[in-house]
Amino acid sequence: SQAPAQNFVAQGPQPLDAGIEIRGLGFAWDEHTPVFADLNLSIPAGQHLCLQGSSGCGKSTLIHLLTRFETPAAGSIRIGGIDIENLDESTLRRQIACAGQHAWAKTGTLADNLRLADPAASVERMREVLELVDLDPEQLGWQDGLATWIEEGGTSLSGGQRRRLAIARMLLREAPILLFDEPGEGLDPQSEAGLIRRLRQHLQGRTVLWISHRDGIETAFDRVVRLDAI
């Protein structure tokens with residue numbers, strides 16, 4: 001019976017493309033924790049942007065605002081020319097897929113976890129996304145393959161494996177905009193570089209926002225922006 005934190009329109013317009021336009025964005029968690037004041041950022045459709053910045057500068061908060069888990073105090077966020085507050089929830093969720101910092105897995109098989117994103121996903125598609133994120137069961141020695149059992153919360157996986165599972169699940173959504181929040185955590189630099197290379201090739205034509213506090217990956221993207229310098 002609890003009312004949802006965010007209210008969505010029943011039926012909204014469809015975005016014209018997968019571009020993101022942020023204008024005059026303001027947000028604070030409370031009066032003592034301001035995050036954004038007049039933030040402006042434009043990400044054209046199809047661009048792969050790496051957003052960097054020091055801890056606490058608001059990188060993850062921006063993900064919350066783009067997915068409407070939170071509402072800006074000022075300014076606007078537009079997806080394909082449409083203010084996200086005018087998008088119905090189904091349309092917004094079809095447009096944006098996100099792999100957050102805190103990767104989660106449910107108790108069940110590897111296939112069960114992937115099919116949370118697409119209940120009709122074929123074995124071939126699941127294997128494809130697992131190979132892309134370097135989580136191929138055969139290469140890892142998981143003899144049960146897609147039937148490998150995952151313990152509650154993903155405790156039977158390493159931190160890096162949970163993050164890669166979350167990315168694989170996100171890829172099955174086939175959304176035109178993809179948000180990656182610190183996906184390289186738990187990975188060594190070489191593994192992270194390989195992950196970026198494979199994903200960028202796979203996601204050509206789609207809009208990518210890759211959030212990271214790590215240096216050394218800048219040349220892998222179309223554009224790099226430091227959030228604390230905007």
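Use the structure listed above.
Residues numbered from 1 in each chain as written. Predicted model: local features only at pLDDT ≥ 70, side-chain atom pairs only at ≥ 80, totals over all residues. Heavy atoms only, no water.

1. Some thoughts on unusual backbone geometry
- Phi at Asp-38 is positive, roughly 60°, even though this residue is not glycine.
- Within the secondary structure, Asp-38 sits in strand E2 (residues 34-43).
- By relative accessible area, Asp-38 is classed as exposed at 56%.
- For Glu-174, which is not glycine, the phi torsion reads 55° and is therefore positive.
- Looking at the secondary structure, you find Glu-174 in the loop between helix H6 (159-171) and strand E9 (177-181).
- Look at Glu-174 and you get partly exposed, because its relative accessible area is 46%. (Helix = DSSP H or I, 4+ residues; strand = E, 2+ residues; numbered from the N terminus. Buried < 20%, exposed > 50% of the residue type's maximum accessible area, 1.4 Å probe, protein only.)

2. Regarding the packing of helix H4 (residues 123-132) against helix H7 (residues 189-202)
- For the pair H4 and H7, the least separation of the axes is 9 Å and the interaxial angle reads 135°. The orientation of H4 relative to H7 falls into the category oblique. Contacts between H4 and H7 involve Glu-128, Glu-131 and Leu-132 on the former and, on the latter, Leu-195, Arg-198 and His-202.
- Classifying every residue of the contact of H4 with H7 gives two nonpolar, one polar and three charged. (Axes fitted to C-alpha atoms, helices over the stretch in contact; angles between N-to-C directions. Parallel < 35°, antiparallel > 145°, perpendicular 65-115°, else oblique. Contact = heavy atoms within 4.5 Å. Nonpolar A, V, L, I, M, F, W, Y, C, P; charged D, E, K, R; others polar.)

3. A word on the pattern of salt bridges
- Considering all chains together, one arrives at seven salt bridges under this definition.
- With a closest N to O distance of 2.5 Å, Glu-21 and Arg-23 form a salt bridge.
- Across the pair Glu-89 and Arg-93 runs a salt bridge, and its minimum N-O distance is 3.5 Å. A residue pair is termed a helical-turn pair when its members lie 3 or 4 positions apart in one helix, as Glu-89 and Arg-93 do in helix H2 (residues 89-95) at four residues.
- With a relative accessible area of 38%, Glu-89 lands in the partly exposed category.
- When salt bridges that share partners are traced, they join Asp-118, Arg-125, Glu-174 and Arg-206 into one network. (Salt bridge = Lys/Arg side-chain N within 4 Å of Asp/Glu carboxyl O.)

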